[in-house]
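Here is how the chains run, residue by residue.
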Amino acid sequence: MRIAQVFFLALLAATTLPSVAASLSDVVMVNRNSVVYIKVEKAAEITGAVTEQHGTGFVVNQDGFVLTAAHIVSSGPGFQVEVRGAEGSREGPLEGMEVLYENSNFDVAVLRFKNTAKQRKAVSLGDPWKVAEDATVYAMGFPGVEEWFHTEGKLSGKGPKGSWNTTITLNPGMSGGPIFNTEGKVVAMVWGAVSTQGIAGINRVLPINLLADALRITGGIAPGGSPPPPIPIQGIEKSYRFDETQNSLGGLQAGSRSYSRTFQSEPGFKIVDYKYVAKSANNANISRIVLSPDGKVLTVDFSLTSGPVFDQWRGWIDAEVLTRQVKE
């Protein structure tokens, strides 16, 4: 009887005592390989010069879907050429990624590793509604040139659009990174430091309940959300190259000439997204890129300018349009 009483008391204590909060080092140990260094290369529209920018993301399911900040892949001059990611370390092997979804309103994007055969370690999602306003939170990411960085702080009130303020100093490169609670679950995404007149040191994060649309696309479910629909983006990538040189107008004034190139989708497919990339260009202007309503025809209109007879220079373009196509 005494043994039974001791067992019952031990069981009661185990079920009623609060759980011990996980330390920052514990959370890093479990989740580091789910945090992704994201490197984006862009080409200038006219010169084709390539520049780089980077940020942080986190894996949300084993099929390689990653959440990050939209401005990592869409901000800055030039056109996106390549997006790659490395798991757990800036110095890890970079793998090709594709952009599936962007929402500038909440600054969120969905990426996916192109190697879908490899299973990835995903984070666990927590419930932002249960997070206290002064809760301890952990951040991880890749600021500046750091190989890896993690830190902790407190939530410190509410910001615009349902965002949270935090005492964590969020440096460039950490945008799109995960914010963990003390249970080791992601409850928010890094938005970034905010420059506000008369106020210094404001750093904001977005609770994941605001990112419900992005999470449904990835196959994750935001707290209180409904089961996700099938992922709609499946298909092929196809690039269309075009080049032209113009130096035939040799009068007393510089002269321009207009051109148009038309590209057909692959048989049985339709174009659902496209990006223009200039490899080399001089005095070239892309006036418009038009996709037909049925997604079957993509038209690129551009102009080239050459110099006058007494100061001859050519206009040229060597470029391509990258497309994503899905079956009809």
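Look up: the structure comes first, before these words.
Report follows, based on the coordinates. Just so it is clear, the structure is predicted and the values come from calculations on it, not from any experiment. (Residues numbered from 1 in each chain as written. Predicted model: local features only at pLDDT ≥ 70, side-chain atom pairs only at ≥ 80, totals over all residues. Heavy atoms only, no water.)

## Focus on the overall build of the protein chain
Now for step 1: Looking only at helices and strands, the protein chain features four helices and 18 strands.
Now for step 2: By the burial criterion, 43% of the 328 residues in the protein chain qualify as buried.
Now for step 3: Counting only contacts in the protein chain whose residues sit at least 6 apart along the sequence, the fraction spanning at least 24 positions is 66%.
Now for step 4: For the protein chain, the accessible area works out to roughly 16500 Å², and carbon and sulfur atoms hold 53% of it. (Helix = DSSP H or I, 4+ residues; strand = E, 2+ residues; numbered from the N terminus. Buried < 20%, exposed > 50% of the residue type's maximum accessible area, 1.4 Å probe, protein only. Contact = heavy atoms within 4.5 Å. Areas by Shrake-Rupley, 256 points an atom, 1.4 Å probe, with all protein chains shown as cover.)

## Things to note about helix 2 (residues 24-31)
Now for step 1: Among all positions of helix 2, only Leu 24, Val 27, Val 28 and Asn 31 are buried. The arc that holds the buried residues of helix 2, viewed along the axis, is 100 degrees, so those residues lie on one side.
Now for step 2: Residues of helix 2 that are buried make contact with strand 1 (35-43), strand 7 (136-141), strand 8 (149-158) and strand 10 (178-180). (Arc of directions from axis to C-beta.)

## As for the side chain of Asn 31
Now for step 1: Take Asn 31: it is sitting in helix 2.
Now for step 2: Excluding its chain neighbours within four sequence positions, the residues that come into contact with Asn 31 are Val 123, Phe 180 and Gly 184.

## Description of unusual backbone geometry
Now for step 1: Of note in this structure, Asp 107 is not a glycine but carries a positive phi near 55 degrees.
Now for step 2: Tracing the chain through its elements places Asp 107 in the loop between strand 5 (95-103) and strand 6 (108-113).
Now for step 3: The phi angle at Asn 283 is positive, at roughly 50 degrees, despite the residue not being glycine.

## Comments concerning the sheet that holds strand 17 (residues 297-306)
Now for step 1: Spatial ordering of the open sheet is given by 14-17-16, a layout of three strands whose pairing is antiparallel. Of all strands in the sheet, those bounded by a partner on one side alone are strand 14 (255-264) and strand 16 (284-291). Within the sheet, the average angular offset between the axes of one strand and its neighbour, ignoring direction, is 15 degrees.
Now for step 2: Pairing geometry for strand 16 and strand 17, over seven bridges, is antiparallel. Within strand 17, the residue paired with Leu 291 across the bridge is Leu 298. (Pairing = 2+ DSSP bridges. Axes fitted to C-alpha atoms, helices over the stretch in contact; angles between N-to-C directions.)

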